[in-house]
Amino acid sequence: MALRRTGRKCTRMNKNKILGVFGLFLVASIASAQAPLTKVSVDATDSIRRLYHVKMTMPVKAGPLTLLYPEWIPGEHGPTGPITDVVNVRITANGSSIPWRRDVAEMFTFQVTVPDGVTSIDIALDYIAAPDSAGFSSGASTTAKLAVLSWNQMLLYPKGRPTDQLNYQADLKVPPGWRYGTALPIQTESGQNIQFKPSSLTTLVDSPVLMGAYFKTIDLSPGSSPPHYVHIAADSEHATDAGPDQVTHWQNLVKETGALFGARHYRSYHFLLTLSDHVAHFGLEHHESSDDRTLERTLIDDSLRRADASLLSHEMTHSWNGKYRRPAGLATADYAEPMKGNLLWVYEGLTEYLGEILAPRSGLLTADEFRQELAREAAMLDTRSGRAWRPLQDTADAAQLLYEARKDYTDLRRGTDYYEEGTLIWLEADVMIRQLSHGAKSLDDFVKAVHGAPSSELMVKPYTFEDVVQALNGIQPYDWTAFFRERLQSTSPHAPLGGIENSGWKLAYSDQPTQIWRDHEAYDKSCDLSYSIGMSLKEDGSIEDVRMDGPASKAGLVPATKIIAVNGRKFNPQLLRETVAATAKSTAPIEIMVEDGEFYKTFHISYRGSERYPHLVRDESKPDLLGAIIAPHAK
Ligand SMILES: [Zn+2]
């Protein structure tokens, strides 16, 4: 998963010689012919009223039956199934009602007793899609012009078998005139009605559908196998206009993932790109697709495009790192089994690094833009006060809580830092492999060994911390256990910047923001003065966060209050920026008037030093390894 970090702020086991044999092996995503088939029929024609109508027919045996609603959602790493939005649940057999009762401890569980002689039950339910709101797939997913359908939100499944072994067949009715895209193979199609081929419940839930009135599909690997597509749905026709450069960069991304991983583990790959200001904004990975949601004008506004440039490269990387290969604690048998996030610094952290270096390799960002982004992340981590009490490992262990945490005092609490800090740590590992092997090896070799050949059908190969260390040692012997443990358990006030520094660059600050900095401010409608007065805020003056040791915090300013005036004049972001810039020549404190609920308060920030923004500057005493890492690799 990838999330917008606003302000300062997501059968062939023996052939892998380097990793050897793993004990656990989960496969069988394609439907098994023998298992009974549950049918699920979704009417999406009411999605513009945020309602889905669902009918299911499930083969059963007489006696007690436990039905489950998906709770732990793959890729969201937490119990985020939106069960409060499931309504109008009615269970019948041969037209007669069957009473149900929710388990009083397991809230996602329904108990029923199937009468004698009954071999299948009918389940009807409605799903209420969320209105304009934050969140992930259970957040806003519909507008008057488009919808993202996540199957897990609108079905039940019987307890007792892994979801790989449950066979489902879905059909879908889309609103009139709408088109759609999905990785789920189609059996028949007629007008608004689509019947999909049977699949395992795992694959059905892993294959969302994007549909919309303004819809476009672009072939990203014409004439090649497996095929790759981007399906675009937007709130306006104009917003679907991907320019020729954008399409070329997406096609390059397909080629660069081929060069990086050396194998593919899907039948076809589909980017489901939603462009709307009124859906939740994030990316959610799937094995053969990704649910990628960003602002409506992202394809036609260069600032927005750059600010979210690595969304698709991050999510596609997950097909290998996250879906094909997955930490053992996240490779759960069904959606009731709790997930363990302790290796999210690999699942998300390595994906973040690979997704970020794939952006310049593909042309989605220039080399300079990539470095500007890296500087922004490094500065955020290097100044975050929460790192003095919460080690990185705990941000992963507590992921299911931290995704839901409020954004105020993020500096103090730390968030899901294993994304950006994963970039720093895996960059450092990459640089170390290159140096120790005198340029003969790189992290790309590790990635090929772990995620690469042979190309395979859909399968999950779980791994442990020890497997990661063993695979790295197969590429370049080193004390990788100590390398990771030190970084995962550190409570140093500073971030691990060794990868940046050993690759020939340094984190520095100047009074001029980078273009990428401005792009993020435009995307987030924010004004980020974290490294001068130590405060980030929204354009309307709402304070998102303060740096605990920064001038604003020392003056008494608090997150989740709102600035209304600066030096006696009504607030606007430009006024505040110019006031901070003027401190280079003035000793007068900055007077800030704040609205805090029903109270007005005045604070005086003592700060001198102008605006301050992070950059990477070249260290000519060392070779530019970073340049070699982000150069195009595909031939
Ligand atoms: Zn991710």
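Quick summary incoming for the structure in this document. (Residues numbered from 1 in each chain as written. Predicted model: local features only at pLDDT ≥ 70, side-chain atom pairs only at ≥ 80, totals over all residues. Heavy atoms only, no water.)

### As for the sheet that holds strand S7 (residues 100-102)
Next, step 1: On the basis of which strands lie adjacent, the open sheet formed by 4 strands has the order S7-S8-S4-S11 and antiparallel pairing. Every interior strand has two partners, whereas the edge strands, S7 and strand S11 (157-158), have only one.
Next, step 2: Strand direction decides the pairing type here: S7 and strand S8 (residues 109-114), joined by 3 bridges, are antiparallel. In the strand pairing of S8, Arg101 is matched with Gln111. (Pairing = 2+ DSSP bridges. Helix = DSSP H or I, 4+ residues; strand = E, 2+ residues; numbered from the N terminus.)

### Brief notes about the coordination of the zinc ion
Next, step 1: Protein coordination at the zinc ion: the donors are Met1 (N), Met1 (O), His314 (NE2), His318 (NE2) and Glu348 (OE), at 2.0 to 2.3 Å from the metal. With a gap of 30 residues between them, His318 in the loop between helix H4 (311-317) and strand S23 (325-327) and Glu348 in the loop between helix H5 (344-347) and helix H6 (349-362) connect regions that are remote in the sequence.
Next, step 2: Taking the relative accessible area as the measure of exposure, Glu348 reaches 0% and is therefore buried. (Donors = N, O, S within 2.8 Å, 3.2 Å for Na, K, Ca; no water. Buried < 20%, exposed > 50% of the residue type's maximum accessible area, 1.4 Å probe, protein only.)

### A few points about the pairing of strand S15 (residues 193-196)
Along a regular strand, successive side chains alternate from one face of the sheet to the other.
Next, step 1: Of the two faces of S15, the one holding Ile194 and Phe196 is buried and the one holding Asn193 and Gln195 is not buried anywhere.
Next, step 2: The pairing of strand S12 (residues 167-173) with S15 spans 3 bridges and is antiparallel. Counterpart to Leu172 in the pairing with S15 is Ile194.
Next, step 3: As judged from the 4 bridges shared by strand S14 (residues 186-190) and S15, these two strands associate in the antiparallel manner. Its bridge partner lying in S15, Glu189 is registered against Ile194.

### Quick word on the side chain of Ser276
Next, step 1: Position of Ser276 relative to the elements: it lies in the loop between strand S20 (269-275) and strand S21 (282-285).
Next, step 2: Relative accessible area serves as the criterion here: at 0%, Ser276 is assigned to the buried category.
Next, step 3: Among the polar contacts made by the side chain of Ser276, one reaches the main-chain amide nitrogen of His278 at a distance of 2.9 Å.
Next, step 4: Those residues in contact with Ser276 that sit more than four places away from it in its chain are Thr143, Leu146, Asp235, His281, Thr294, Leu295 and Glu296. (Polar contact = N/O pair within 3.5 Å; in protein donor to acceptor, adjacent residues only side chain to side chain. Contact = heavy atoms within 4.5 Å.)

### Here we look at helix H13 (residues 465-475)
Next, step 1: Taken as a whole, H13 has its buried residues at Phe465, Asp467, Val468, Val469, Ala471, Leu472 and Ile475.
Next, step 2: Residues of H13 that are buried make contact with H5, helix H11 (420-436), helix H12 (443-451), strand S24 (461-463) and helix H14 (480-489).

### A look at H11
Next, step 1: In this model H11 runs 24 Å from its N-terminal to its C-terminal C-alpha over 17 residues, within 8% of the 24 Å that 1.5 Å per residue would give.
Next, step 2: Of all 17 residues that make up H11, 15 are buried, and the element is covered over most of its length.
Next, step 3: After H11 finishes, the residue His438 shows a positive phi value of roughly 55°. (Expected span 1.5 Å × (residues − 1).)

### Some details on the pattern of salt bridges
Next, step 1: Taken as a whole, this structure holds 23 salt bridges when the rule is applied.
Next, step 2: The residue Asp46 makes a salt bridge to Arg49 at a minimum N-O spacing of 2.7 Å.
Next, step 3: The exposure class of Asp46 is buried, given its relative accessible area of 16%.
Next, step 4: By relative accessible area, which is 55% here, Arg49 ends up exposed.
Next, step 5: The shortest N-O distance in the salt bridge between Glu421 and Arg414 comes to 2.9 Å. The burial state of Glu421 is the same as that of Arg414; both residues are buried.
Next, step 6: Within this structure, Arg384, Arg387, Arg414, Asp417 and Glu421 form a network of salt bridges that share partners. (Salt bridge = Lys/Arg side-chain N within 4 Å of Asp/Glu carboxyl O.)

### Concerning unusual backbone geometry
Next, step 1: Residue Pro226 is bonded to the preceding Ser225 through a cis peptide linkage, with omega at 0°.
Next, step 2: Positioned with a positive phi, Tyr409 is a non-glycine residue whose angle comes to about 60°.
Next, step 3: As for its placement among the helices and strands, Tyr409 is situated in the loop between helix H9 (399-402) and helix H10 (410-413).

### A look at the environment of Thr38
Next, step 1: Checked against the element boundaries, Thr38 lands in strand S2 (residues 37-43).
Next, step 2: Given a relative accessible area of 4%, Thr38 falls into the buried group.
Next, step 3: Between the C-alpha atom of Thr38 and that of Pro158, which follows or precedes it by 120 residues, the distance is 9.9 Å.
Next, step 4: For Thr38, the residues in contact, after removing those within four places along its chain, are Met56, Thr57, Met58, Pro59, Asn167, Tyr168 and Gln169.

### Describing the packing of aromatic side chains
Next, step 1: Enumeration according to the criterion identifies 27 aromatic pairs in this entry.
Next, step 2: With 5.4 Å between their ring centres and 80° between their planes, Trp100 and Phe110 make a pair best called edge-to-face. Here the residue Trp100 occupies a position in strand S7, and Phe110 occupies one in strand S8, the gap between them amounting to 10 residues.
Next, step 3: Here Trp100 falls in the partly exposed class, since its relative accessible area comes to 36%.
Next, step 4: For Phe110, a relative accessible area of 5% translates into the label buried.
Next, step 5: When the ring centre of Phe465 is taken as origin, the NZ or CZ atom of Arg485, which lies over that ring, is 4.0 Å away. (Phe/Tyr/Trp six-rings, centres within 6.5 Å; stacked < 30°, edge-to-face > 60°. Lys NZ or Arg CZ within 6 Å of the ring centre and 35° of its normal.)

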